[in-house]
Amino acid sequence: MKSLRLLTAGLAGLVFAATAHAAGGAEHPHPPEGGWPFEGAIGKFDQASLQRGYQVYHEICSSCHSMKLLSYRNLGEPGGPFYDPAYPNPNMNPFVKALAAQNEILSPTPNDVGDYDFRPATPADRFRSPYANVEAARAANGGAAPPDLSVIVKARHGGASYIYRLLTGFPPDDAYVQRLVTPETIVTPYSDNGTPDDPSDDVAEVKTPAVYETLLDVSKLPSEHGSSEHEEGFLKINAGQHYNPYMAGDTAPNFEGDPRHAPPGGFLAMPPQLIEGRVEYTDGTKATPEQMAYDVAQFLAWASEPKQEHRKSLGLAVMVYLGLLAALLWFSYKQIWRKVDH
Amino acid sequence: MSGHESSYEPTNAFTRWLDSRLPIIRFAQDHAMNFPTPKNLNYWWTFGGILAVCLVVQIVTGVILAMHYSPGVDTAFASVERIMRDVPYGWLLRYIHSNGASMFFLAVYIHMFRGLYYGSYKAPREVLWVLGCVIYLLMMATAFLGYMLPWGQMSYHGSNVITGLFGAIPIIGDTIHTWIMGGPSIGNQTLQRFFSLHYLLPFMIAAVVVLHVWALHVPGNNNPTGVEVQDVEKETVPFHPYYTVKDAFAIVLFFMMFAVFVFYAPNVLGHADNYVQANPLVTPSHIVPEWYFLPFYAILRAITFDVGPIPAKLLGVIFMFAAIAVLFLLPWMDTSKVKSMRYRPVARQFFFGFVATCLLLGWCGASNPDDGVFGTPGKKLVVSYTDAGGAEITSEYDGGGEAYLDAKKFVESLPAGTNASISAVAKPTFQFRHLSLILTFAYFGYFILLFFVGLTESSKAVPESIHKSVLKRSKPSTATAIPAE
């Protein structure tokens, strides 16, 4: 009987754990070494990292990815990357004003004569979107519209760690090989298309540019991506696609090798973006790919949940209050029931 | 007990005047303060009070959220995020409301299992139980409607699955499906009607709660012994202050758990995909409802075969609704006169088995039905090709790396034009849909067993009265000193 009850309790725990389980054959995104400063019950964002993260977003990501739910004023709000206690109203924060003014936007409201002007953004404006609409975004990116990043950390299993691992998880360049599909020259026989004056039909040899396809040598993937069994085989990379072990998807159709050991992950249209030194941090931090990924993932975590620090600090007060109230009620209960056998 | 005499005495001219016109103070004192309540109720009985508080929390936060929410396919998602970002303490209201739904269901499940264990559905409390089932049904409808409102991917595709269930009804199914959606597909009109109904149903719940409490106050509370109160003086205490303080303590403990979710893990019970705006053209790889629907979702998907003229889909829908309907019939399915499982050794084993079944069904509902229950099964290689006659032929290879080399050699040996390909296919294993099917029968089996067990079971000695059982427990030294015979 007791064991059955224990089993039931154990099952309850198991079911809750299983509910949170994520599906898909992608690599599990572990947090970066040292974890995230904003995790845990009293975690806070690292403001310097948030500022660098905004710089990475602004200089790299924002050329394709919108953040439609954010306004420039959010950057200067309490807990934000550029919050300054001297300016409780973020719209007055000169730094935020300057950051906003770096972006030229199409004014969302018409001017005096009813036209829509381009003008520098103000803190009250939404983040500038790189494309006018989703169709334009799709057309400019080979059919796949880059997702909006406003709530991306909440919208992915693994959150900020997923962003971090995805950005740094592309295979190294030397893992790719080229394979010739059509030879460099194609010999065509003499022909005559019946128009004596057409010189093109007198050519004996037609030179066509060689067509190569890109293959990923799976055995050259960094070892942490491989399973216990050493994998051999080549993954065909379609034009405009990029393999990433953290991307949700299925690599089996593109895998030349034992299909039981197709590498984890999938393909995405975004090429590796964070190349050493691509941004020059104003605070002198060395812009390694890992550093940039760490900063931008933290910035996106803040953007997805800007009230997170406030939530946790209020939570502590609420828990203390409820704890005291529970103790008080417990003693009241004991006092009131002291004469009743029950 | 409605039979207890009113002890209210108006103390001044105004209350005397009011008492002869609208005896509302008398009513409140008789029902909320002096109501005689068995003194042996344990903490499982605090969940009624917890549920009342949950309903109030949901209505209060919901009314405020509705002031800021904008139902529309282009505005809903952004307005929810605006609440999270720009409305003062909007993040708190929304997280209380979204996690509050989960807490409400957690409490209602405990409340229902308590009723099942202590036989609170038996005479004279059948109407009380049935009203409770009505509340539960309304809660499920409200939660389903509410999950649509953030207009995320799971909102949209989950609603698509659930409204689609009505399409499985023969003949009139399509008409009902269209009528519910307000059009040929889920769109703006669906979102707006779901919002309207999501606002309406909680007040219907509140109305049925009034009836539920009324139906409780006629026979009075059941209690852990299942023996009815015989001596009001000895065996009951007034609800206030005895149970107000005990319930308040339990409610605060419940709030502490609630607060852990709201402040430290507000999205852990949700699904990441619901933070992606609804897109009818992109279907999530794995559609799952909220955790509190998972057992029913597992039953829905458990039936994967047609039975005679009934298609599998309709059968799944029938079983799912039957799983809820059977709760309404429970008072008449359990044939035992003994209420509390404490004195029903056989039925008690089945009760714990039933709890385990429900939890395992939840696990099945959360899992991909084709996945193996005991880990991922191994895979074998299948070479498929067409022979000269155009017939499809497959051959299988199983084993380590050498199996792949063999398969590859075989493919290379085939003549051109056979269109050969090697694919990995999971070996047959015990899948979640198999487990779901077994558990579905176990779920219904419990109710059938109650019928037969009640007829044959020999129960343990039931205490003569609440008072005697309490005396026995509070003086264990004397109880053990006296030999049983």
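Residues numbered from 1 in each chain as written. Chains lettered and ligands numbered in written order. Predicted model: local features only at pLDDT ≥ 70, side-chain atom pairs only at ≥ 80, totals over all residues.

Student: I would appreciate a short explanation of the overall build of chain A in the present structure.
Tutor: Broken down by element type, chain A carries 7 helices and 10 strands. Buried positions account for 30% of the 342 residues belonging to chain A. Of all intrachain contacts in chain A linking residues separated by at least 6 positions in sequence, the fraction that spans at least 24 positions is 61%. (Helix = DSSP H or I, 4+ residues; strand = E, 2+ residues; numbered from the N terminus. Buried ≥ 20, exposed ≤ 12 C-beta atoms within 10 Å, placed from the backbone. Contact = placed C-beta atoms within 7 Å.)

Student: Honestly, the overall build of chain B in this entry has me stumped. Any pointers?
Tutor: Summing up its helical and strand segments, chain B has 18 helices and 5 strands in all. The principal-axis extents of the C-alpha atoms in chain B amount to approximately 105 × 65 × 45 Å. Per-residue burial for chain B yields a buried fraction of 38% across its 485 residues. Within chain B, residue pairs in contact and separated by at least 24 positions form 77% of the contacts whose partners lie at least 6 positions apart.

Student: Looking at this model, I keep getting lost on unusual backbone geometry. Mind explaining?
Tutor: Residue and element names in this part refer to chain B. A123 connects to P124 through a cis peptide bond whose omega is 5 degrees. Take P124: it is sitting in the loop between α5 (90-117) and α6 (126-148). Cis geometry is adopted by the peptide bond preceding P241, which originates at H240 and carries an omega value of 5 degrees. Of note, P241 is situated in helix α11 (residues 239-264).

Student: Is there a simple way to think about the nonpolar core in this case?
Tutor: Generally speaking, soluble globular proteins have nonpolar side chains that are buried together. Core analysis: the biggest nonpolar cluster contains 95 residues, and B:I50, B:F104, B:A107, B:I299, B:L361 and B:C364 have the highest contact counts within it. Looking at which domains feed residues into this core, each of domain 2 (35-267) and domain 3 (288-373 + 437-485) of chain B supplies at least three. Sequence-distant contacts of B:F104, that is, excluding residues within four places in its chain, are made with B:C54, B:Q58 and B:M139. Of all hydrophobic cores here, the second largest spans 47 residues; its members include A:W36, A:L69, A:L166 and A:A303. (Core = buried A, V, L, I, M, F, W, Y, C linked by C-beta atoms within 7 Å. Domains from an automatic or database assignment.)

Student: Teacher, can you tell me more about the interface of chain A and chain B here?
Tutor: Accessible area lost when the parts come together is the quantity often used to give the size of an interface. With 45 residues of chain A in contact, the opposing surface of chain B contributes 50 residues. Sorting the residues of the side of chain A that touches chain B by element identifies α1 (2-19) and α7 (308-336) of chain A as the ones contributing at least two each. In terms of residue count, α7(A) provides more of the side of chain A that touches chain B than any other element does, 15 residues in total. When grouped by side-chain class, the residues that make up the side of chain A that touches chain B number 28 nonpolar, 8 polar and 9 charged. (Nonpolar A, V, L, I, M, F, W, Y, C, P; charged D, E, K, R; others polar.)

Student: Whenever I open this one, the sheet that holds strand β5 (residues 421-426) of chain B confuses me. Can you help?
Tutor: The pairing of strands in a sheet comes from backbone hydrogen bonds and takes either a parallel or an antiparallel form. Residues and elements named next belong to chain B. Strand order in this open sheet of 3 strands is β4-β3-β5, and the pairing throughout is antiparallel. Looking at the sheet topology across the chains shown, the edges are occupied by β4 (392-397) and β5. For this sheet, the mean inter-axis angle between neighbouring strands, taken without regard to orientation, is 30 degrees. Sheet analysis places strand β3 (residues 379-386) next to β4, joined by 6 bridges and oriented antiparallel. Counted as the bridge partner of S384 is T394 from β4. (Pairing = 2+ DSSP bridges. Axes fitted to C-alpha atoms, helices over the stretch in contact; angles between N-to-C directions.)

Student: Is there a simple way to think about the domain arrangement of chain B in this case?
Tutor: Domain assignment breaks chain B into domain 1 (1-27), domain 2 (35-267), domain 3 (288-373 + 437-485) and domain 4 (379-426). Computed over C-alpha atoms only, the centres of domain 1 of chain B and domain 4 of chain B are separated by 87 Å.

Student: I would appreciate a short explanation of the environment of B:F254 in the present structure.
Tutor: Position of B:F254 relative to the elements: it lies in helix α11. For the pair formed by B:F254 and B:F47, sequence separation is 207 residues and the distance between their alpha carbons is 9.3 Å.

Student: Could you clarify how one ought to interpret the packing of helix α14 (residues 345-366) of chain B against helix α16 (residues 432-456) of chain B in this entry?
Tutor: Helices that pack against each other are described as a pair by the angle of their axes relative to one another and the distance between those axes. All names here are of chain B. Where α14 contacts α16, the axes come no closer than 9 Å and their chain directions differ by 155 degrees. Between α14 and α16, the angle is such that the two are roughly antiparallel. The handedness of the crossing between α14 and α16 comes out as left-handed. Within the contact between the two elements, α14 uses V346, A347, F350, F354, T357, L360, L361 and C364 and α16 uses F432, L435, S436, L439, A442, Y443, Y446, L449, L450 and V453. Residues of the contact of α14 with α16, tallied by class, amount to 16 nonpolar, 2 polar and no charged. (Parallel < 35°, antiparallel > 145°, perpendicular 65-115°, else oblique. Left-handed = near helix turned anticlockwise from the far one by under 90°.)

Student: Just to check I follow, could you spell out the sheet that holds strand β9 (residues 255-256) of chain A for this structure?
Tutor: Residue and element names in this part refer to chain A. As summarised here, the arrangement of the 4 strands in space is β3-β6-β7-β9, forming an open sheet in which the pairing is antiparallel. In this open sheet, the two edge strands, each paired with only one partner strand, are β3 (176-182) and β9. Across 2 bridges, the pairing between strand β7 (residues 234-237) and β9 is antiparallel. Bridging across to β9, F234 finds its partner in E256.

Student: Quick question: what am I supposed to make of the pairing of β3(A) here?
Tutor: Two faces belong to every sheet, and in a regular strand the side chains alternate between them. All names here are of chain A. Burial runs low along β3: only 0 of the 7 residues are buried. The sheet contact formed by β3 and strand β6 (residues 211-217) spans 6 bridges and is antiparallel. What sits directly across from Q178, in β6, is T214.

Student: Would you mind showing me how to read the environment of B:L450 here?
Tutor: Residues and elements named next belong to chain B. For L450, the position within the fold is in helix α16. Judged by the 22 C-beta atoms lying within 10 Å of it, L450 falls in the buried class. Between the C-alpha atom of L450 and that of L197, which follows or precedes it by 253 residues, the distance is 37 Å. If sequence neighbours within four positions are ignored, L450 has contacts with M333, D334 and A347.

Student: Any chance you could explain the confidence of the model for chain B here in plain terms?
Tutor: For any part of a model where pLDDT is low, the fine detail of the predicted coordinates should not be relied upon. Residue and element names in this part refer to chain B. With 97% of its residues at a pLDDT of at least 70, chain B reaches an overall mean of 92. A low-confidence stretch, residues 477-485 (pLDDT under 50), is modelled with 1 contact involving residues beyond four sequence positions or located in other chains. Here the predicted complex scores 0.91 on pTM and 0.90 on ipTM. (pLDDT = per-residue confidence, 0-100.)

Student: Just to check I follow, could you spell out the packing of α5(B) against α11(B) for this structure?
Tutor: Residue and element names in this part refer to chain B. Across the interface, α5 lies against α11 with an axial gap of 10 Å and an inter-helix angle of 135 degrees. In terms of orientation, α5 and α11 fall into the oblique class. For the pair α5 and α11, the crossing hand works out as right-handed. For the pair α5 and α11, the contacting residues are Y95, I96, N99 and M103 in the first and F258, F261 and V262 in the second. Residues belonging to the contact of α5 with α11 are distributed by class as follows: 6 nonpolar, 1 polar and no charged.

Student: Looking at this structure, how should I read the pairing of β6(A)?
Tutor: Sheet topology places β6(A) next to β7(A); 4 bridges connect them, and they run antiparallel. By the bridge assignment for β7(A), A:T214 is matched with A:I237.

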